[in-house]
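Report on the structure
Here's the letter readout for the chains.
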Amino acid sequence: MSVPADLDRRFRDAAARSGLLDAGYDLVDSPLGRLLVAATERGLLRISFDPDPDAELERIARLAGRRVLRSPARVDRVHRELDEYFEGRRHAFDLALDLRGLTPFSERVLHELARVPFGETATYARLAERAGNPRAARAVGTIMNRNPVPIVLPCHRIVGANGSLVGYGGGLDRKVALLTLEGVLL
Amino acid sequence: MAIPPFETFYAEHSPEVLGLLRRKLGRDRADDAFQETFLRALRAYDRLDHGEHLRAWVLTIASRVAIDVHRRARPTAELPELAHEDTRPAHEDLGELTDGLPPKERAAVVLRYGYDLTYDQIAAVLDSSPEAARQAASTGVRRLRKEQST
């Protein structure tokens, strides 16, 4: 016997309202493919490209606690803002973030990253400098690669000193697509 | 055994829980009981010490919820028996031995001594405090000893 969809949804909504979830997540379709989006009471916790749900769930559980449930209601706002962004109607996200588990330097780098505006780019070295360690461009590259919430924290806007795209955790095609959406690339 | 994320636990056991509740309560009343069962499980889930017997644990919660639904529907009636063979989530021998106990004590004894669950986990099943779960188990054991000696 399978659980009817409406009954299943009622439980998931009730669980989200109960305040008992450590994290809720959903799979969201986007022009860049399917994304797994997870949020806690504190804010947005993760956005993953090409998610392997089982592995992602374990990762989220290790970060936030084991009461992780697929719950569209829990990530409704993130979903809406992502849709608006991809439709070109939103240039800045208005979302609380839950960036637990990061080193202080990573936090500073991501904080500076958040300030690189829509439609502009910065170099790895420049971001390292703004975060207080001008020689840490390589470390900044690693931090971009592990960005827990890509798109919302715009690591796609960080490029090499000569303007090359260098790399992207979600694959270079997606970096190109995002920079094209923002009008940086034609 | 590691405790899986709640989603994994829910996906694995929700069909069987719904089946059990429909057999006990009928289709209409089973829906509310289904939600209540998994909310109780969710409430206790971060206090679990290990991932063993999760199936037995959630089926026992469902049985308890079904009893509560019966009790609300017929406040003066006798308590219904716990689940029978096909659904009874009890260790076999202990299941037979504890047949005569009141439902709450029986659940506490079976889960404590048959499944080695903690009183926190049993409390979630009984929707009571860990202390009340401990008392139910110890009263049940005393009652069994008395029956054995007579």
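Note: the structure precedes this text.
My aim in this report is to walk through the structure given alongside it, one point at a time. (Residues numbered from 1 in each chain as written. Chains lettered and ligands numbered in written order. Predicted model: local features only at pLDDT ≥ 70, side-chain atom pairs only at ≥ 80, totals over all residues. Heavy atoms only, no water.)

Turning to the overall build of chain A, a few remarks are in order. A count of helices and strands for chain A gives seven helices and six strands. Listed by position from the N terminus, the elements making up chain A come as α-β-β-β-α-β-α-α-β-α-α-β-α. The C-alpha radius of gyration of chain A comes to 17 Å, within 12% of the 16 Å expected for a compact globule of 186 residues. Along the three orthogonal principal directions, the C-alpha set of chain A runs to about 60 × 35 × 25 Å. Per-residue burial for chain A yields a buried fraction of 50% across its 186 residues. Within chain A, contacts between residues separated by at least 24 positions form 59% of all contacts whose residues are at least 6 apart in sequence. Carbon together with sulfur atoms contributes 47% to the accessible area of chain A, which is approximately 9100 Å² in total. Where the 28 positive side-chain charges of chain A centre and where its 25 negative ones centre are 5 Å apart. (Helix = DSSP H or I, 4+ residues; strand = E, 2+ residues; numbered from the N terminus. Rg over C-alpha atoms; globule rule 2.2 N^0.38 Å. Buried < 20%, exposed > 50% of the residue type's maximum accessible area, 1.4 Å probe, protein only. Contact = heavy atoms within 4.5 Å. Areas by Shrake-Rupley, 256 points an atom, 1.4 Å probe, with all protein chains shown as cover. Lys, Arg positive; Asp, Glu negative; His and termini not counted. Charge placed at Lys NZ, Arg CZ, Asp CG, Glu CD.)

So, on to the interface of chain A and chain B. Note: interface size is frequently given as the accessible area lost on complex formation between the parts. In this assembly, 23 residues from chain A lie in contact with 24 residues from chain B. Carbon and sulfur atoms make up 66% of the surface buried where chain A meets chain B, a total of about 2100 Å² over both sides. Taken as a group, M1, F11 and R66 of chain A account for 35% of the area that chain A buries against chain B, more than any other trio of residues on that side. At the junction of chain A with chain B, the criterion picks out three salt bridges. Linking D32 of chain B and R10 of chain A is a salt bridge whose minimum nitrogen-to-oxygen distance equals 3.2 Å. Of all elements in the fold, only α1 (5-18), α2 (53-64) and β4 (68-70) of chain A reach the threshold of two or more residues within the side of chain A that touches chain B. (Buried area = accessible area lost by both parts, 1.4 Å probe. Salt bridge = Lys/Arg side-chain N within 4 Å of Asp/Glu carboxyl O.)

Residue and element names in this part refer to chain B. The element helix α6 (residues 119-126) is extensively covered by neighbouring structure, given that seven of its eight residues are classed as buried. All of the buried residues along α6 are Y119, Q121, I122, A123, A124, V125 and L126. Where α6 ends, the next residue or the one after it, D127, has phi of about 55 degrees, a positive value.

Turning our eyes to something else, we now look at the packing of helix α2 (residues 27-45) of chain B against helix α3 (residues 54-73) of chain B. All names here are of chain B. Look at α2 against α3: their axes get within 9 Å of each other, and the N-to-C directions meet at 130 degrees. Between α2 and α3, the interaxial angle falls into the category oblique. Here the hand of the crossing between α2 and α3 comes out right-handed. Mapping the contact onto sequence places R29, A33, E36, T37, F38, R40, A41, A44 and Y45 in α2 and L54, W57, V58, I61, A62, R64, V65, D68, V69, H70 and A73 in α3. Partitioned by chemical class, the residues of the contact of α2 with α3 number 13 nonpolar, two polar and five charged. (Axes fitted to C-alpha atoms, helices over the stretch in contact; angles between N-to-C directions. Parallel < 35°, antiparallel > 145°, perpendicular 65-115°, else oblique. Left-handed = near helix turned anticlockwise from the far one by under 90°. Nonpolar A, V, L, I, M, F, W, Y, C, P; charged D, E, K, R; others polar.)

What follows concerns the environment of I47 of chain A. All names here are of chain A. Tracing the backbone shows I47 in strand β3 (residues 44-49). For the pair I47 and P150, spaced 103 residues apart in sequence, the C-alpha separation works out to 6.3 Å. Excluding residues within four positions of it along the chain, I47 makes contact with L35, L36, V37, L82, P148, V149, P150 and V152.

Here we take up the side chain of S30 of chain A. Residues and elements named next belong to chain A. Here S30 is to be found in strand β1 (residues 23-30). Among the polar contacts made by the side chain of S30, one reaches the main-chain amide nitrogen of L32 at a distance of 3.0 Å. Polar contacts involving the side chain of S30 include one to the main-chain carbonyl oxygen of G33, which spans 2.8 Å. Residues contacting S30, with those up to four places away along its chain left out, are L35 and F86. (Polar contact = N/O pair within 3.5 Å; in protein donor to acceptor, adjacent residues only side chain to side chain.)

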